[in-house]
Amino acid sequence: MSMSFLGRRKRLLALLLTLVLLIPMIAACGSGDTATTAPSTSGNATATTGTTATDPTAAPTEDASAAPTATTAAADAPTAAPAAGESDKFLVFGGSGEPDSLDSMDTTTGTALIVTRQLQESLLGFAPGTLEVIPELATEWTPNADATEWTFKLREGVTFHDGTPFNADAVVFNFQRLFEPDFEFGFRAEGKKYSIVPDIFGGYAGEAESAYKSVEAVDENTVKFTLTRPVPLLPNYLAASYFGISAPEAVKAGKEKYGSPEFGGAGTGPFKFERWDAGQSVTLVRNEDYWGDKAKMPGVVVRFISEAPQRLAELEAGAIDFTVNLSADSRAKIASSADLQVVDLEPFNIAYLSLNMNNKPFDDIRVRQAVAYAIDKQEILDTSYSGVGSVADDFLPDGLADYRPGDLESYAYDPEKAKALLTEAGYPDGFSTMVLTDGTELALELWYMPVSRPYYPDAKSVAELYAAQLEDVGIKVELKTEDWGVYLDNWDAGAKNGMVMLGWTGDYGDPNNFLYTHFGPGNVDEAGYSNPDVWKLLSDAGAATSPAESIALFQQAGKLINADLPRIPIVHAPPVLAAKQSLTGWVPNPTGGESFAPISVTK
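Structural notes, computed from the coordinates.

Here is what the cut-offs are and how they apply
- Residues numbered from 1 in each chain as written.
- Predicted model: local features only at pLDDT ≥ 70, side-chain atom pairs only at ≥ 80, totals over all residues.
- Heavy atoms only, no water.
- Helix = DSSP H or I, 4+ residues; strand = E, 2+ residues; numbered from the N terminus.
- Buried < 20%, exposed > 50% of the residue type's maximum accessible area, 1.4 Å probe, protein only.
- Contact = heavy atoms within 4.5 Å.
- Pairing = 2+ DSSP bridges.
- Axes fitted to C-alpha atoms, helices over the stretch in contact; angles between N-to-C directions.
- Core = buried A, V, L, I, M, F, W, Y, C linked by side-chain atoms within 4.5 Å.
- Patch = residues over 30% accessible without salt bridge, like charges linked within 9 Å, V, L, I, M, F, W, Y side chains within 5 Å.
- Areas by Shrake-Rupley, 256 points an atom, 1.4 Å probe, with all protein chains shown as cover.
- Salt bridge = Lys/Arg side-chain N within 4 Å of Asp/Glu carboxyl O.
- Lys, Arg positive; Asp, Glu negative; His and termini not counted.
- Charge placed at Lys NZ, Arg CZ, Asp CG, Glu CD.
- 1 Å grid on protein atoms, 1.4 Å probe; cavity = no way out; pocket = protein on both sides within 12 Å on 5 of 7 lines; lining within 4 Å.
- Points joined across faces, edges and corners; volume = space filled by probe spheres on them.
- Nonpolar A, V, L, I, M, F, W, Y, C, P; charged D, E, K, R; others polar.
- Phe/Tyr/Trp six-rings, centres within 6.5 Å; stacked < 30°, edge-to-face > 60°.

Brief notes about the overall build of the protein chain
Of the regular secondary structure elements, the protein chain holds 18 helices and 22 strands. Here the protein chain, with 603 residues, has 62% of them falling under the buried criterion. Contacts spanning at least 24 positions in sequence make up 72% of the contacts within the protein chain whose residues lie at least 6 apart.

Here's what the structure looks like:
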């Protein structure tokens with residue numbers, strides 16, 4: 001493929017995907033060598049080089065409320081406690097819930113990834129505030145002619161938090177445990193799931209749909225990934241926070257407890273794990289041996305505050321320095337405060353409602369369509385998001401609008417049409433139960449998140465709106481929720497029946513991060529949706545060699561997904577972020593997470 005095509009492709013992606021902060025922010029980024037990078041999109045297998053990466057960013061935000069015991073230290077070498085009085089100078093972040101793990105490869109929750117982002121760095125990262133791929137632990141990356149092999153040159157002189165060296169063997173160890181079922185410290189041995197692998201790569205090593213074949217150390221500072229099919233976007237994938245590199249010795253020492261409150265996590269990042277006080281906070285201390293510019297503050301306390309009103313109250317009281325996922329109606333209050341600042345980002349997300357197709361009557365397309373027509377998305381946007389954002393007819397956010405089909409059925413609010421479809425499906429009076437695969441009949445469940453997310457800042461209030469709108473057409477639901485970590489585990493295991501509220505903040509700039517992640521082969525177990533035609537179209541789109549080919553394939557897949565309707569897109573909603581006026585250096589990323597190292601605040 002020609003470099004002129006790649007250049008045009010690069011410029012197109014930059015125009016589409018670089019999201020600009022909507023208010024002025026002061027970026028306190030440390031100095032460093034400049035990096036020359038080439039972010040790739042579908043069909044863009046570009047040789048990319050660079051030197052020092054500063055202020056890398058990445059990670060969606062989510063939260064959980066696990067509550068095991070709390071301790072101190074990661075791996076065999078505990079971090080020394082901060083000096084007396086120094087902890088008063090720590091940065092305090094108001095997280096929207098508790099992590100489920102501090103092993104970045106063993107979580108998909110943003111409440112965990114925003115913390116692991118500080119601990120475990122990836123081979124590549126994102127430039128502050130954008131989706132531009134830049135060097136992190138790798139300084140150069142080069143594909144072969146068809147992007148089935150990628151070679152990465154690693155940064156030298158880097159050590160993990162436990163004092164062991166970062167090198168090619170460490171990278172190989174991490175990806176073998178992630179992808180290879182029979183690896184000694186892999187997911188089977190330690191009982192871990194690594195669910196992001198099938199979501200992004202289609203499956204684990206050796207599985208029919210998997211894009212991954214192998215990883216090997218070429219020499220001490222070079223690794224090579226071999227793939228089963230062209231993957232032009234591999235650099236973008238590896239910039240996502242799921243692929244943070246952990247210290248192998250820490251993983252071996254912790255085994256199945258690595259990432260837990262009693263063990264924490266160890267990487268190469270600008271902060272080290274200090275302790276996890278279950279149900280309350282995670283404390284991190286500055287990595288004084290960090291390879292790049294050291295963190296501005298001596299440490300970070302990540303507090304778990306699941307309720308958005310409480311996070312705002314604590315920000316106003318000065319108990320936290322910055323926070324995320326506030327309610328839409330808090331914008332005006334924050335903006336009018338002399339002590340606070342609002343930070344707005346364009347939405348790079350989707351809020352959706354999943355219908356479990358394993359359960360009757362959701363195995364009937366007419367019933368799924370009836371649910372879609374029964375939901376008044378505009379009322380939800382106006383009521384729960386203060387009208388800020390947009391109604392979603394497709395899973396792709398506005399930054400990826402070129403890949404949307406142009407003639408989708410919008411399933412606009414039409415309760416009479418919903419009633420007619422229910423009658424046609426054999427439910428003239430609606431329904432209030434569901435039937436599981438084993439024949440068990442239960443009350444119809446509608447599950448809502450127990451935490452604030454960028455796309456669902458107040459999930460319960462939206463669930464109540466859903467319930468009222470559905471009841472208008474005769475569908476009666478029982479609202480349910482549970483601990484966030486359990487919620488996600490049960491979803492991954494296919495143990496969530498009925499209707500389930502979920503959402504997604506993009507990890508990198510490509511349609512497949514939204515489409516293959518939600519409708520690829522890795523999702524069959526979750527809610528019963530399986531369409532090999534969609535899988536092939538999405539795989540082909542990811543390997544396409546021209547923008548026109550890629551767009552056409554994504555649009556074809558989008559039409560099939562829209563017709564099957566396994567999940568109903570609801571809104572694209574901008575997150576509400578806020579900080580003290582004295583806080584500087586915070587440059588939020590479209591992915592929903594970023595390094596805290598450049599941030600400082602007057603104490």
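Describing the sheet that holds strand β21 (residues 567-572)
One open sheet holds the six strands; their spatial order is β15-β21-β14-β20-β18-β19, and the pairing between them is mixed. Edge strands, defined here as strands with exactly one partner in the open sheet, are β15 (390-391) and β19 (478-480). Pairing between strand β18 (residues 445-447) and β19: three bridges, direction parallel. Within β19, the position partnered with L446 by the bridge is L479. Together, β14 (349-355), β18, β20 (499-505) and β21 form the strand contacts of helix α14 (residues 484-492), whose direction differs from that of β20 by roughly 100 degrees.

Focus on the pairing of strand β9 (residues 271-277)
The element β9 is extensively covered by neighbouring structure, given that five of its seven residues are classed as buried. Taken together, the six bridges between β9 and strand β10 (residues 281-286) define a ladder with antiparallel strand orientation. When the sheet's bridge partners are listed, R275 is paired in β10 with T283. Between β9 and the antiparallel strand that follows it, β10, lie three residues; G279 among them carries a positive phi value of about 80 degrees.

Some words on the nonpolar core
Within the largest apolar cluster, 135 residues are counted, with the highest numbers of intra-cluster contacts made by L123, F152, F175, Y456 and M501. Counting residues per element, this core draws most heavily on helix α3 (residues 168-179), which supplies eight residues. Once residues within four sequence positions are removed from consideration, Y456 is found in contact with A351, Y352, L353, Y385, M449, V451, V462, Y466, M501, L502 and I570. The next biggest cluster of nonpolar side chains, apart from the first, holds 27 residues, and it includes L119, F271, W276 and A579.

Observations concerning a negative patch on the surface
Together, E156, D169, D219 and E220 line one region of the surface with negative charge. Exposure remark for E220: the relative accessible area of 56% places this residue in the exposed category.

Quick notes on empty space enclosed by the protein
Empty space among the atoms becomes visible once a probe the size of a water molecule is rolled across them. All told, the structure shown has eight cavities of 30 Å³ or more when counted by the stated rule. Surrounding the largest cavity, 16 residues form its lining, T108, Y352, L488, W491 and W504 being those nearest its centre. Broken down by secondary-structure element, the contributors of at least two residues to the lining of the largest cavity are α14, β20 and α15 (515-519). Looking at the lining of the largest cavity, its residues break down into five nonpolar, six polar and five charged.

Focus on the sheet that holds strand β11 (residues 299-304)
By way of backbone hydrogen bonds, the strands of a sheet pair with one another, either parallel or antiparallel. Spatially, β9-β10-β11-β2-β12-β22-β13 is the arrangement adopted by the seven strands of the open sheet, whose pairing is mixed. Strands with a single pairing partner mark the edges of an open sheet, and in this sheet they are β9 and β13 (340-344). Bridging between strand β2 (residues 91-95) and strand β12 (residues 322-323) involves two bridges; their strand directions are parallel. Residue pairing in the sheet places F93 in a bridge with F322 of β12.

Describing the packing of aromatic side chains
Within this structure, the stated rule accounts for 29 aromatic pairs. Aromatic side chains Y258 and F263 sit 6.3 Å apart centroid to centroid with 65 degrees between the ring planes, which places their arrangement in the edge-to-face category. The exposure classification of Y258 matches that of F263, with both residues buried. Relative to F395, the ring of Y352 lies with its centre 5.1 Å away and its plane at 40 degrees, an arrangement referred to as tilted. Separated by 43 residues along the polypeptide, Y352 in strand β14 and F395 in the loop between β15 and α12 (415-424) bring together distant segments of the chain.

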